[in-house]
Amino acid sequence: MKHSIKVVDIIIQKKFKEFLDARRKGISYDFKGKLKKELKNTLKQLKHFNPDEKLEIQNLLQEIERSHVRSSYIQ
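Heads up: these notes are all about the structure in this document. Nothing here was measured: the structure is a model prediction, and the numbers come from that model.

Thresholds, definitions, all that
- Residues numbered from 1 in each chain as written.
- Predicted model: local features only at pLDDT ≥ 70, side-chain atom pairs only at ≥ 80, totals over all residues.
- Heavy atoms only, no water.
- Helix = DSSP H or I, 4+ residues; strand = E, 2+ residues; numbered from the N terminus.
- Buried < 20%, exposed > 50% of the residue type's maximum accessible area, 1.4 Å probe, protein only.
- Contact = heavy atoms within 4.5 Å.
- Expected span 1.5 Å × (residues − 1).
- Arc of directions from axis to C-beta.
- Phe/Tyr/Trp six-rings, centres within 6.5 Å; stacked < 30°, edge-to-face > 60°.
- Salt bridge = Lys/Arg side-chain N within 4 Å of Asp/Glu carboxyl O.

## Here's the deal with the side chain of threonine 42
Here comes step 1: Inspection of the secondary structure puts threonine 42 in helix α2 (residues 31-45).
Here comes step 2: The buried category is assigned to threonine 42, whose relative accessible area is 10%.
Here comes step 3: If sequence neighbours within four positions are ignored, threonine 42 has contacts with Val7 and Ile11.

## A word on α2
Here comes step 1: Taking 1.5 Å per residue as the helical rise, α2 with its 15 residues ought to reach 21 Å, and the 21 Å between its terminal C-alpha atoms agrees with that figure.
Here comes step 2: If you check which residues of α2 are buried, you get Phe31, Leu35, Lys36, Leu39, Thr42 and Leu43. All buried residues of α2 lie within an arc of 130° about the axis, which places them on one face of the element. Across from the buried face of α2, at angles greater than 90 degrees, the exposed residues are Lys37, Lys44 and Gln45.

## Topic: the packing of aromatic side chains
Here comes step 1: The final tally for this structure, using the stated rule, is three aromatic pairs.
Here comes step 2: Consider the rings of phenylalanine 16 and phenylalanine 19, whose centres lie 5.6 Å apart with planes at 40°: the pair is tilted. Of the two residues, phenylalanine 16 and phenylalanine 19 both sit in helix α1 (residues 2-25), three residues apart, roughly one turn of that helix.
Here comes step 3: Given the relative accessible area of 41%, phenylalanine 16 is considered partly exposed.
Here comes step 4: Residues phenylalanine 16 and phenylalanine 31 carry aromatic rings whose centres are separated by 6.4 Å and whose planes lie at 90° to one another, so their mutual orientation is edge-to-face. Remark: phenylalanine 31 occurs in helix α2 and phenylalanine 16 occurs in helix α1; sequence separation between them is 15 residues.

## Brief notes about the pattern of salt bridges
Here comes step 1: Going through the model one piece at a time under the given rule, you end up with seven salt bridges.
Here comes step 2: Note that glutamate 18 and lysine 15 form a salt bridge whose closest N and O atoms lie 3.1 Å from each other. A residue pair is termed a helical-turn pair when its members lie 3 or 4 positions apart in one helix, as glutamate 18 and lysine 15 do in helix α1 at three residues.
Here comes step 3: When its relative accessible area of 27% is taken as the criterion, glutamate 18 is described as partly exposed.
Here comes step 4: The class for lysine 15 is buried, based on a relative accessible area of 8%.
Here comes step 5: In this structure, the salt-bridge partner of lysine 15 is glutamate 38, at a minimum N-O distance of 3.6 Å. Highlighted residues: lysine 15 in helix α1 and glutamate 38 in helix α2, separated in sequence by 23 residues.
Here comes step 6: Beyond isolated ion pairs, a larger network of salt bridges with shared partners links Lys14, Lys15, Glu18 and Glu38.

None of the figures reported here should be taken as evidence of function without further support.
Structure follows, in structure tokens:
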């Protein structure tokens, strides 16, 4: 499962950097929505990962869905 964890870490870092860049510019950024979209796209493209690795990403997506925040836009 090391590969999926590395992929997820890279995606989260990338989206967080985009959030920080948007914050510096004073722009609202839908971190949760963009992260979900990126993870879903990645999950579709990862044909060579074993089912356990895909399950790890699916679990993260479910956790994001269950998380309750007032707004998915972070300012």
